[in-house]
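Here are the chains, one letter per residue:
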Amino acid sequence: SYKTILLVRDLRDVMISYIYFAVKNTQHVWKAEGKQAQYQWLKPYTKQFMRMDMQQRILYLLDESKPNELKISASHFMHCVFELPKQQVTLLVRFEDLVGSRGGGSDQAQRETFDRIHDFLQLSISKEELLRIARQKWGSPGTFRSGQIGEWDKYFTHKTKTAFKESLYGKALIALGYEKDDAW
């Protein structure tokens, strides 16, 4: 028996975070011993990606004709969003509710979310201890790049917003309640 916590985040922020992650870690793929042959076919795409600016990278990731290995699978994500929560053993949690005020969110939402996680997992530690540990770990090295919600707004232009809205990600954004419609 298992339980699943499905952590969702504003997909626009996910995309920006992923771009930073991909750019930072692409160099490591080519330096990793024994990985060169395994990923050789991917090299032309990653070289192209590395030469792009942020706007071009966003549009590249939204383009369904590009290799799937370089991007977040929209169809897999949609399956997780719409199918997993139907299962009794799944708790849907928003990243924005976890970060608290230090990440641009609400401390009250953070406490309520960790209380839900505590109850869902039936943890033996107290709710206060769980929250203390979570707040202590927030922003520690290796947890995330910035941990701030809404950073996508610094990078999206009219063109990238339009492309996002027209993609499967735009539909998911509305389905998850991050936007009411595509008039954002």
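Model, not experiment: these values are computed from the prediction. (Residues numbered from 1 in each chain as written. Predicted model: local features only at pLDDT ≥ 70, side-chain atom pairs only at ≥ 80, totals over all residues. Heavy atoms only, no water.)

## Focus on the overall build of the protein chain
When helices and strands are tallied, the protein chain shows 10 helices and 2 strands. Each helix (α) and strand (β) of the protein chain, taken in turn from the N terminus, gives the series β-α-α-α-α-α-β-α-α-α-α-α. Out of the 184 residues belonging to the protein chain, those deemed buried represent 38%. Across the protein chain, the fraction of contacts at a sequence separation of at least 24, relative to all contacts at a separation of at least 6, is 66%. Here the protein chain has roughly 11000 Å² of accessible surface; of this, 53% comes from carbon and sulfur atoms. (Helix = DSSP H or I, 4+ residues; strand = E, 2+ residues; numbered from the N terminus. Buried < 20%, exposed > 50% of the residue type's maximum accessible area, 1.4 Å probe, protein only. Contact = heavy atoms within 4.5 Å. Areas by Shrake-Rupley, 256 points an atom, 1.4 Å probe, with all protein chains shown as cover.)

## Here we look at the nonpolar core
Grouped together as the largest cluster of nonpolar side chains are 25 residues, with contacts concentrated most on Met-15, Ile-16, Ile-19, Phe-49, Ile-58, Leu-61 and Phe-164. Within the residue set of this core, elements represented by two or more residues are strand 1 (4-8), helix 1 (11-31), helix 4 (54-62) and helix 10 (168-175). Sorting elements by how many residues they give to this core places helix 1 first, with 6 residues. When neighbours within four sequence positions are excluded, Phe-164 is seen to be in contact with Leu-11, Arg-12, Met-15, Leu-62, Phe-156, Tyr-169, Gly-170, Leu-173 and Trp-184. (Core = buried A, V, L, I, M, F, W, Y, C linked by side-chain atoms within 4.5 Å.)

## Some points on a nonpolar patch on the surface
A cluster of nonpolar side chains, contributed by Ile-5, Leu-121, Leu-123, Ile-125 and Ile-133, occupies part of the molecular surface with about 330 Å² of accessible area. For Ile-125, the position within the fold is in the loop between helix 7 (107-121) and helix 8 (127-137). Exposure remark for Ile-125: the relative accessible area of 34% places this residue in the partly exposed category. (Patch = residues over 30% accessible without salt bridge, like charges linked within 9 Å, V, L, I, M, F, W, Y side chains within 5 Å. Salt bridge = Lys/Arg side-chain N within 4 Å of Asp/Glu carboxyl O.)

## Re the pattern of salt bridges
Close approach of charged atoms lets side chains of opposite charge pair. Following the criterion strictly, the structure yields 5 salt bridges and no others. Here Asp-119 makes a salt bridge to Lys-127, at a shortest N to O gap of 3.3 Å. The exposure class of Asp-119 is partly exposed, given its relative accessible area of 45%. Residue Lys-127 is classed as partly exposed on the basis of its relative accessible area of 28%. Between Arg-132 and Glu-129 there is a salt bridge; the shortest N-O distance is 2.7 Å. On the criterion of helical spacing, the pair formed by Arg-132 and Glu-129 is a turn pair, its members being 3 residues apart in helix 8. On the basis of relative accessible area, Arg-132 is assigned to the partly exposed category, the value being 43%. Overall, the relative accessible area of 29% leaves Glu-129 in the partly exposed class.

## Concerning the environment of Phe-49
Along the chain, Phe-49 turns up in helix 3 (residues 43-51). C-alpha separation for the pair Phe-49 and Ile-19, spaced 30 residues apart in sequence, amounts to 9.4 Å. Sequence-distant contacts of Phe-49, that is, excluding residues within four places in its chain, are made with Ile-19, Ala-22, Val-23, Arg-57, Tyr-60 and Leu-61.

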